Amino acid sequence: MLILDEKKIRKGKPIGLPYQGSKKKISKKIIEIIKQNFGTDKIIYDIFGGGGAITAEFLLNGLSVYYNDLDKDATDMFLKVISEDKEYLKTLLVSREEFFRIRDKDDKTVDDNLKLLINSFGNNSKDYLYGKEHADLKYRLAVEIVERHDVFSGYKQTDTWLRRYRELERLQQLERLHITNLDYKSFSDVKDAVFYLDPPYENTKQYYKGDTFDSQSFYDWAYEMSKKNIVLISSYEISDVRFKCVYEFKTAKSTLQSGSAGKKVREVIYGEIVTQSCGFLFTERR
Ligand SMILES: C[S@@+](CC[C@H](N)C(=O)[O-])C[C@H]1O[C@@H](n2cnc3c(N)ncnc32)[C@H](O)[C@@H]1O
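One structure accompanies this document, and this report is about it.

The rules we used
Residue numbers run consecutively from 1 along every chain, following the written order of its sequence. Local features in this predicted model are restricted to residues of pLDDT 70 or higher, and side-chain atom pairs are both shown and tallied only at a pLDDT of 80 or more, whereas totals for entire chains, interfaces and linings draw on every residue. Here a strand is any run of E in DSSP of at least two residues, a helix any run of H or I of at least four, and the numbering for each starts at the N terminus. Counts of 20 or more other C-beta atoms within 10 Å of a residue's own C-beta define buried residues, counts of 12 or fewer define exposed ones, and intermediate counts define partly exposed ones; C-beta atoms are placed from the backbone. The criterion for strand pairing is that DSSP finds at least two bridges linking the strands in question. Looking down the strands as they point away from the viewer, one classifies a crossover as right-handed if the path from the first strand across the helix to the second runs clockwise. For each residue, a C-beta atom is placed from the backbone, and the residue is labelled near a molecule or strand when this atom is within 6 Å of it. Here the nonpolar group is Ala, Val, Leu, Ile, Met, Phe, Trp, Tyr, Cys and Pro; Asp, Glu, Lys and Arg are the charged ones; every other residue, Gly included, is treated as polar. Angles shown run from 0 to 180 degrees and are taken between the N-to-C directions of axes, each axis being a line fitted to C-alpha atoms and, for helices, limited to the stretch in contact. Reported orientations rely on four angle classes, namely roughly parallel under 35 degrees, roughly antiparallel over 145, roughly perpendicular from 65 to 115, and oblique for the rest. In this scheme the handedness of a crossing depends on how the near helix is turned from the far one: anticlockwise by less than a right angle means left-handed, clockwise means right-handed. The contact rule is simple: place each C-beta atom from the backbone, and if two of them lie within 7 Å, those residues are in contact. Our arc is simply the arc of the directions from the helix axis toward the C-beta atoms. Each nonpolar core comprises buried Ala, Val, Leu, Ile, Met, Phe, Trp, Tyr and Cys residues, the members being joined through C-beta atoms within 7 Å.

**Things to note about the overall build of the protein**
- Along its length, the protein carries nine helices and 11 strands.
- Counting across all 286 residues of the protein, residues that qualify as buried make up 32%.

**Overview of the environment of leucine 93**
- In this structure, leucine 93 sits in the loop between helix 4 (86–90) and helix 5 (96–103).
- What makes leucine 93 buried here is the crowd of 20 C-beta atoms within 10 Å.
- Sequence-wise, leucine 93 and leucine 116 are 23 residues apart; in three dimensions their C-alpha atoms are separated by 9.2 Å.

**Some thoughts on the pairing of strand 1 (residues 43–46)**
- Direction of pairing for strand 1 relative to strand 4 (residues 193–197): parallel, over a ladder of four bridges. When the bridges of strand 4 are listed, aspartate 46 appears paired with tyrosine 196.
- Handedness of the crossover joining strand 1 and strand 2 (residues 65–68) through helix 2 (residues 53–60) is recorded here as right-handed.

**Topic: the site of the ligand**
- Neighbouring residues of the ligand: 23 residues in total, closest Gly21, Phe48, Gly50, Gly51 and Ala53.
- Class assignment for the residues of the shell around the ligand results in 12 nonpolar, six polar and five charged.

**Some words on the packing of helix 5 against helix 6 (residues 110–118)**
- Where helix 5 contacts helix 6, the axes come no closer than 10 Å and their chain directions differ by 125°. Classed by the angle they form, the pair helix 5 and helix 6 counts as oblique. Here the hand of the crossing between helix 5 and helix 6 comes out left-handed. Of the residues in helix 6, those touching helix 5 at Phe99, Ile102 and Arg103 are Asp112, Lys115 and Leu116.
- Residues that form the contact of helix 5 with helix 6 fall into these classes: three nonpolar, no polar and three charged.

**Overview of the pairing of strand 7 (residues 230–235)**
- The buried count for strand 7 comes to five of six residues, which makes it a mostly enclosed element.
- Examined bridge by bridge, strand 4 and strand 7 share four bridges and lie parallel to one another. Considered in strand 7, the bridge of tyrosine 196 is made with leucine 232.

**Topic: unusual backbone geometry**
- In this structure, asparagine 123 takes a positive phi of about 50° despite not being glycine.
- Checked against the element boundaries, asparagine 123 lands in the loop between helix 6 and helix 7 (138–147).
- Residue classification places asparagine 123 among the buried residues on the basis of 21 C-beta atoms within 10 Å.
- The phi angle at aspartate 192 is positive, at roughly 55°, despite the residue not being glycine.
- With respect to the helices and strands, the residue aspartate 192 is situated in the loop between strand 3 (177–180) and strand 4.

**Some details on the environment of isoleucine 82**
- Structurally, isoleucine 82 is set in helix 3 (residues 72–82).
- When the 23 C-beta atoms within 10 Å are taken as the criterion, isoleucine 82 is described as buried.
- Note: C-alpha distance between isoleucine 82 and alanine 56 (26 residues apart in sequence) is 9.2 Å.

**Let's talk about the packing of helix 3 against helix 6**
- Packing of helix 3 against helix 6 leaves a shortest axis separation of 9 Å and a crossing angle of 90°. Taken together, the axes of helix 3 and helix 6 are roughly perpendicular relative to one another. In contact with Asp73, Asp76, Met77 and Lys80 of helix 3, helix 6 contributes Val110, Asn113, Leu114 and Leu117.

**Quick word on helix 9 (residues 215–225)**
- By the burial criterion, the buried members of helix 9 are Tyr219, Ala222 and Met225. All buried residues of helix 9 fall inside an arc of 125° around its axis, so they share one side. Those residues of helix 9 that are exposed and angled more than 90 degrees off the buried face are Gln216 and Ser217.

**Describing the nonpolar core**
- Counting 35 residues, the largest nonpolar core has Ile44, Val65, Phe195, Tyr196 and Leu197 as the members making the most contacts within it.
- Looking at this core, the elements with two or more residues in it are helix 1 (27–38), strand 1, helix 2, strand 2, strand 4, helix 9, strand 7 and strand 8 (243–249).
- It is helix 2 that provides the largest number of residues to this core, a total of six residues.
- One finds Ile82, Val94, Leu117 and Tyr128 within the second-largest nonpolar core, a separate group that totals 16 residues.

What follows is the structure, encoded as structure tokens:
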């Protein structure tokens, strides 16, 4: 099992878009686990980077990171948010009518995608946050999201935000942030690096622009990669016996909302697991 001395965790709030499957709630711990167990000399790859929570945390810890996601909208949104101020974020709050107008547009801008993300139910970018009957409350509720519900926590106080932004900007100038939008297999030739992998979950119907994610093929790739790299996979459960649990966040709670017939369902994530493959040195199967 990997170790984590919690006293060494960076103080301050985490950064990251309210993206589905975001690791913002545990990003500070994940980075600290990587630092304490594998040091800071290796190049780090956040291949399924999504809303950037893990990448932002690496940067705030002074480390370089290769931030990749097949979905360019995700990396564009992250970049936009870290390069704007809180007043800009407030302009992203939109009414129900505006939301549906944007949703039906063919060519969406980065701002459009951000508006859909932050104004949607469960951050699914499809359904407006509040039902028609509450439309008159939309502005107050939307302001609440930014001001009180901590959707953009880390950006709450302008000073704090600016400090972080300046730091991130400086880190970018130092070329610590490398952004790509490739399929994970494009990284097959990388050696001697740390891979933090947070793929679409097994048995979860997740599509990227019409494609389903083939988990078994991903595990085969990750297993091969683990022979020449440190490979960490974040998941609730992995059916492939070549991987073992190396750290479990027993207290990592997150609420996922899913809508069925307009009903809100609350889910508690109780066992976020970081799994390291047992390749190369640990070839024994369980
Ligand atoms: C669970 S989310 C990652 C969440 C992220 N760690 C965060 O904190 O926001 C999985 C991501 O994998 C991306 N993805 C799906 N298929 C991919 C592929 N073949 N190659 C690279 N990224 C992929 C999706 O676009 C999605 O953003």
